[in-house]
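Here is how the chains run, residue by residue.
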Amino acid sequence: MPDSQTLRLSVQNMSCASCIGRVERTLSALPGVDDVHVNLANETAQAQIDAPERISDVMTALDEAGYPARTQDVRLNVASMSCASCVGRVDKALAAVPGVLEVNVNLASETATVTYAEGAVELADLLKAAEDAGYPAEPAEDTASEDRSARKDSEAKAMARKTALAAAFALPVFLLEMGAHVVPGAHDLIGRTIGHQTSWMIQFVLTTIVLAWPGRAFYTRGFPALFKGAPDMNSLVAVGTSAAYLFSLVALFAPALLPEGSRAVYFEAAAVIVVLILLGRWMEARAKGRTGAAIQKLLGLQARTARVLVDGEAQDVAIERIRAGDILVVRPGERIAVDGEVTDGSAHVDESMITGEPVPVAKGTGDPVTGGTVNGTGAFQFRATRVGADTTLAQIIRMVEQAQGAKLPIQGMVDRITLWFVPAVMAFAALTVLVWLVVGPSPALSYALVAGVSVLIIACPCAMGLATPTSIMVGTGRAAEMGVLFRKGDALQQLSGIGVVAVDKTGTVTEGRPELTDMVLSGGFVRTEVLALVAAVEAQSEHPIADAIVRAARAENVARHEVESFESITGHGVRAHVAGRDVLVGADRLMTREGLELGALAEAETRLAEQGRTALFAAIDGRVAAVIAVADPVKPSSAAAIGALHDLGLKIAMITGDKRETAEAIARETGIDQVIAGVLPDGKVAALDDLRKGGRQVAFVGDGINDAPALAHADVGIAIGTGTDVAIESADVVLMSGDLRGVVNAYQVSTRTMRNIRQNLFWAFGYNVALIPVAAGVLYPLFGLLLSPVLAAGAMALSSVFVLTNALRLRRVSPAMDETRSVRPAANLYPAPAE
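Residues numbered from 1 in each chain as written. Predicted model: local features only at pLDDT ≥ 70, side-chain atom pairs only at ≥ 80, totals over all residues. Heavy atoms only, no water.

The name given to the protein chain in an unreviewed UniProt entry is P-type Cu(+) transporter, with the source organism recorded as Allosediminivita pacifica. Recorded in UniProt under Sequence similarities (unreviewed entry), the annotation for the protein chain is "Belongs to the cation transport ATPase (P-type) (TC 3.A.3) family. Type IB subfamily." (UniProt positions renumbered as here; feature names shortened; annotations may be inferred.)

Here is the structure:
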């Protein structure tokens, strides 16, 4: 869909897997709405829309379907309004923000109250719209949207109150009816005291209160859905409890309508079922609040205010008011508000929330800093470069939210089943009643009612709908805490099925920055003098090898010289006059072209090349002075990470544009299984196709612009987070740690999450397959056992709680590799890249 945008809304009233299907069908039927994903665990709907105007269509459709999107209200103080026309302009500017539903501007109080779709609008969008219209605004109070965990906590408390209320009224009903059957003499005692008719009347009154007050939502939602031909979980509960309640009413007030042996009441079943299901929903709400803990931790990293220099003085400013170009002041111990670049001062910054590395990073003038990280010692000033939704932290939160809202391929099977599951259950319950009426023992009507209600209650598909999304939420959230970001949700499933990990060399296995490793001198030359002259020449070049030589010269603090003339000799090297001396730097062919004898240095160059290093010659005043070797060092963690991937049963291949000798030297050091060298970017794509032979799935790990085609072509593209934006945008998974340890952690999270999902699905489906026949009475002919509707309600509630609790175990997944396990010093240094 060209020019599409992602819309993410928080949706109400979804309670089971069948709700997901209805919301998806509702949204998919709208023109201009595509790629719909609905998540029961975090109660969101995500879709691609072709224009902002579609938001109102989406909101209306959801409302009509019985699943309205949540809305938020925000109150703004608006400056510069002086007349009624100002009110109109502010109203128009705010109403034009996609997702805004209603605007009320008050000139007298100079405020604007805005109602908007939760998830579709950010406060910063409203402030910017007002400011662009010429009326700067600021929050009238702390209007940050109620975070999800707070809302789930509020829902859990409300559900706890409903449960307690329902239990208080249901307990006497249960004791009056079941006590008469269980406790010896209780039946006669009730008959001698209040009488059985009075007992039934008390049960009727209390049960009516339970159903009409704390249990009202089951009927106000369940019956409308049933009448629309789209029954859901609420419909099953509503029909089941209503059947028991209405049967009891007839037995109490019109007993003549029933056969003599069937005159019994089931008020306790209706009341206790409501109590148990409310109890289950309370436990679900508590568990759901914990599934989004990772997002809440990330949100907690965002600073609320920052100290901004205004006319030379530092002032506290709300984070929403910071603009790119502002100069911010950071004191020791403070959290950095936005992304930027240090302009003055120095400090050590804890960047563990981004990279996972616990060691603070030194920052000085010109160094980048990231919003959400914490300043340790030292104070500094920095210029804001990325603010609001553009900051690294905001992008991480957005990626995690999108991954948590994604639908895995495995969910498609669940959706297909749940589309017909609830109607099928209702049909099976009707068949159960019919069978009991035809062949059941006396009183057949009572047995039929108990069996039918039990089938309806026990088959609620809550666990099916929660099985996949809860695991995705917890798994991707835990991965984010470990520095692994799943940009695309389906990568979570695909990564668990890979057989080969293909890696780029430069910047992935190696540091990506060449270093000077050797300088072998001819007789009569001094290292510091040669290095100073060569560095002066190479300072005129932007080649990575030249940069390595210049950095080495600075580190050794050699003399600095001015270059009098500079000439680049294409394909050979460079020539310059430095401090009155003629200097040549280049390959052996440059020396041969100039008629210079290499002498003993030729053997040194051969030896260095055999070690996989890139060698250059330097000549001064017509004599070959030195052979210089430059190499790109292997990252300390690479060998250990590759070993860990081998332990997981994966094969490792390296695809690089560098020469084969260099690549094979690195492969020997790190334990890489297969080397594909000397390939261009399109050659990397072809290499991935070769690795796929035999039906294997391939993940590719890279960091450069030239890796983007391979990242997009691989079954799973994994970008090193320290790489280029192009590479990250092409990838399915982003590793913030900047090395291969993240691949091990990503694979572990993927496999653990998929195992957790399969456990949940096995339980959810196995539970229904096993217990629906039991509820229908299949055990009665053999053992005389018939499942009580009360026990059915308890089993149904526990099923959902089991799935949520099992998913929450993923929060305890620990990194497969951390800094203590991954550090393994490389024995050799390797040459600079040709890619």
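J.: Quick one: what's the story with the overall build of the protein chain, residue by residue and with numbers?
T.: Secondary structure summary: the protein chain contains 31 helices and 30 strands in total. A burial count over the protein chain gives 53% of its 835 residues as buried. Intrachain contacts of the protein chain at a sequence separation of at least 6 include 70% that bridge at least 24 residues. Counting every atom, the protein chain has about 34,900 Å² of accessible surface; 55% of that belongs to carbon and sulfur. (Helix = DSSP H or I, 4+ residues; strand = E, 2+ residues; numbered from the N terminus. Buried < 20%, exposed > 50% of the residue type's maximum accessible area, 1.4 Å probe, protein only. Contact = heavy atoms within 4.5 Å. Areas by Shrake-Rupley, 256 points an atom, 1.4 Å probe, with all protein chains shown as cover.)

J.: Help me get a handle on the pattern of salt bridges, residues and values and all.
T.: Scanning the model with the defined rule gives 26 salt bridges in all. In this structure, the salt-bridge partner of R551 is D547, at a minimum N-O distance of 2.9 Å. Separated by four residues within a single helix, R551 and D547 lie in helix α20 (residues 544-555), roughly one turn from each other. We classify R551 as buried; its relative accessible area is 16%. Judged by its relative accessible area of 35%, D547 falls in the partly exposed class. Here the salt bridges do not stand alone but share partners, grouping R513, E515, D547 and R551 into one network. (Salt bridge = Lys/Arg side-chain N within 4 Å of Asp/Glu carboxyl O.)

J.: How would you explain the nonpolar core if you had to name every residue and give the values?
T.: By size, the foremost hydrophobic cluster in this structure holds 147 residues, and its most contacted members are L27, F486, L495, V501, V503, I718 and V733. Beyond its immediate chain neighbours, meaning those up to four positions away, L495 contacts F486, A699, V716, I718, A746, Y747 and S750. F525, I549, V583 and L616 belong to the second-largest nonpolar core, a separate cluster that totals 29 residues. (Core = buried A, V, L, I, M, F, W, Y, C linked by side-chain atoms within 4.5 Å.)

J.: Can you explain the environment of K162? Please cite residues and give values.
T.: By the element assignment, K162 lies in helix α5 (residues 148-182). For K162, a relative accessible area of 34% corresponds to the partly exposed category. Separated by 120 residues in sequence, K162 and W282 place their C-alpha atoms 9.1 Å apart. Apart from residues no more than four positions distant in its own chain, K162 is found in contact with P214 and L278.

J.: How would you explain the packing of helix α16 (residues 462-481) against helix α28 (residues 741-776) if you had to name every residue and give the values?
T.: At a minimum axis distance of 9 Å, the contact between α16 and α28 shows a crossing angle of 165°. By the angle between their axes, α16 is roughly antiparallel relative to α28. In the crossing of α16 with α28, the sense of the turn from one axis to the other is right-handed. Counted together, A463, M464, A467, T468, T470, S471, I472, G475 and A479 of α16 and V749, T753, N756, I757, N760, L761, A764, F765 and N768 of α28 form the full contact between these two elements. Among the residues making up the contact of α16 with α28, the classes are represented as 10 nonpolar, eight polar and no charged. (Axes fitted to C-alpha atoms, helices over the stretch in contact; angles between N-to-C directions. Parallel < 35°, antiparallel > 145°, perpendicular 65-115°, else oblique. Left-handed = near helix turned anticlockwise from the far one by under 90°. Nonpolar A, V, L, I, M, F, W, Y, C, P; charged D, E, K, R; others polar.)

J.: Can you tell me about the UniProt feature "transmembrane region" (unreviewed entry) in the protein chain, naming the residues and giving the values?
T.: UniProt records the feature "transmembrane region" (unreviewed entry) at residues 164-186, 198-215, 236-258, 264-282, 417-439, 445-468, 761-780 and 786-808, using the numbering of this structure. Secondary structure content for residues 786-808 is 87% helix and 0% strand, and the end C-alpha separation is 34 Å.

J.: Talk me through unusual backbone geometry; I want residue IDs and the actual numbers.
T.: Between S442 and the following residue, P443, the backbone shows a cis peptide bond with an omega angle of -5°. A positive phi is found at A579, a non-glycine position, where the angle reads about 50°. The topology assignment puts A579 in the loop between β21 (573-578) and β22 (581-586).

J.: Give me the lowdown on the sheet that holds strand β2 (residues 33-39), citing residues and values where you can.
T.: If you walk across this open sheet you meet the three strands as β1-β3-β2, and the pairing is antiparallel. Lying at the two open borders of the sheet, with one neighbouring strand each, are β1 (5-10) and β2. Neighbouring strand axes in the sheet, compared pairwise and without regard to direction, differ in orientation by 15° on average. In terms of strand pairing, β1 meets strand β3 (residues 44-49) through six bridges, oriented antiparallel. From the neighbouring strand, L9 faces β3, where its bridge partner is A45. (Pairing = 2+ DSSP bridges.)

J.: Can you tell me about the side chain of S496, naming the residues and giving the values?
T.: Within the secondary structure, S496 sits in the loop between α17 (491-495) and β18 (500-503). A polar atom in the side chain of S496 sits 2.6 Å from the backbone oxygen of Q493. Apart from the residues lying within four places of it in its own chain, the contact partners of S496 are Y747, S750, T751 and M754. (Polar contact = N/O pair within 3.5 Å; in protein donor to acceptor, adjacent residues only side chain to side chain.)

J.: Could you give me a rundown of empty space enclosed by the protein, with the residues and numbers involved?
T.: Evaluated as defined, the whole model comprises three cavities of 30 Å³ or more. In this structure, the second largest cavity occupies an estimated 40 Å³ of space. Those elements that provide at least two residues to the lining of the second largest cavity are β1 and β3. Counting residues per element, the lining of the second largest cavity draws most heavily on β3, at four residues. (1 Å grid on protein atoms, 1.4 Å probe; cavity = no way out; pocket = protein on both sides within 12 Å on 5 of 7 lines; lining within 4 Å. Points joined across faces, edges and corners; volume = space filled by probe spheres on them.)

J.: Pulling in residues and values, what's your account of helix α22 (residues 601-610)?
T.: Along α22, the residues that are buried comprise L601, A604, E605 and L608. Within α22, the buried residues cover an arc of 100° as seen down the axis, which keeps them to one side. Within α22, the exposed residues directed more than 90 degrees away from the buried face are E603 and E610. Of the surrounding secondary structure, the elements contacted by the buried residues of α22 are β19 (515-521), β23 (614-620) and β24 (623-633). Positioned one or two residues after α22, G612 has a phi angle of 85°, which is positive. (Arc of directions from axis to C-beta.)

J.: Describe in detail the packing of aromatic side chains, supporting the description with residues and values.
T.: Enumeration according to the criterion identifies 14 aromatic pairs in this entry. Where F204 meets F267, the ring centres are 6.1 Å apart and the plane angle is 55°; that geometry is what we call tilted. One end of the pair, F204, is in helix α7 (residues 196-212); the other, F267, is in helix α10 (residues 267-291), and 63 residues separate them in sequence. What makes F267 buried here is its relative accessible area of 0%. Connected via pairs of aromatic rings, a cluster forms that spans F204, Y245, F253 and F267. (Phe/Tyr/Trp six-rings, centres within 6.5 Å; stacked < 30°, edge-to-face > 60°.)

J.: Would you mind going over the sheet that holds strand β4 (residues 71-78) in detail, with residue names and values included?
T.: The strand order across the open sheet formed by four strands is β5-β6-β4-β7, and the pairing between neighbours is antiparallel. Only two strands of the sheet have a single neighbouring strand rather than two, namely β5 (100-106) and β7 (137-139). Strand-to-strand twist of the sheet, defined as the mean angle between neighbouring strand axes without regard to direction, takes the value 30°. Bridge analysis of β4 against β7 gives three bridges, and the strand direction is antiparallel. By the bridge assignment for β7, V78 is matched with A137.

J.: Describe in detail the environment of R752, supporting the description with residues and values.
T.: Of note, R752 is situated in helix α28. With 281 residues separating them in the primary sequence, R752 and S471 have C-alpha atoms 9.6 Å apart. Among all residues touching R752, those that are not within four sequence positions of it are L810 and V813.

J.: An account of the packing of helix α23 (residues 638-647) against α28 is requested, with residue identities and associated values reported.
T.: Running from N to C, α23 and α28 point in directions that differ by 25°, and their axes come no closer than 8 Å. Overall, the two elements α23 and α28 adopt an arrangement that is roughly parallel. Seen from α23, the contacting residues are A641, A644 and L645; seen from α28, they are R741, V743 and V744. Broken down by class, the residue content of the contact of α23 with α28 amounts to five nonpolar, no polar and one charged.

J.: Describe α23, listing the residues and the values that go with them.
T.: Counting buried residues in α23 gives seven out of 10 residues, a clear majority hidden from the surface. A positive phi of about 90° marks G649, the residue just after α23.

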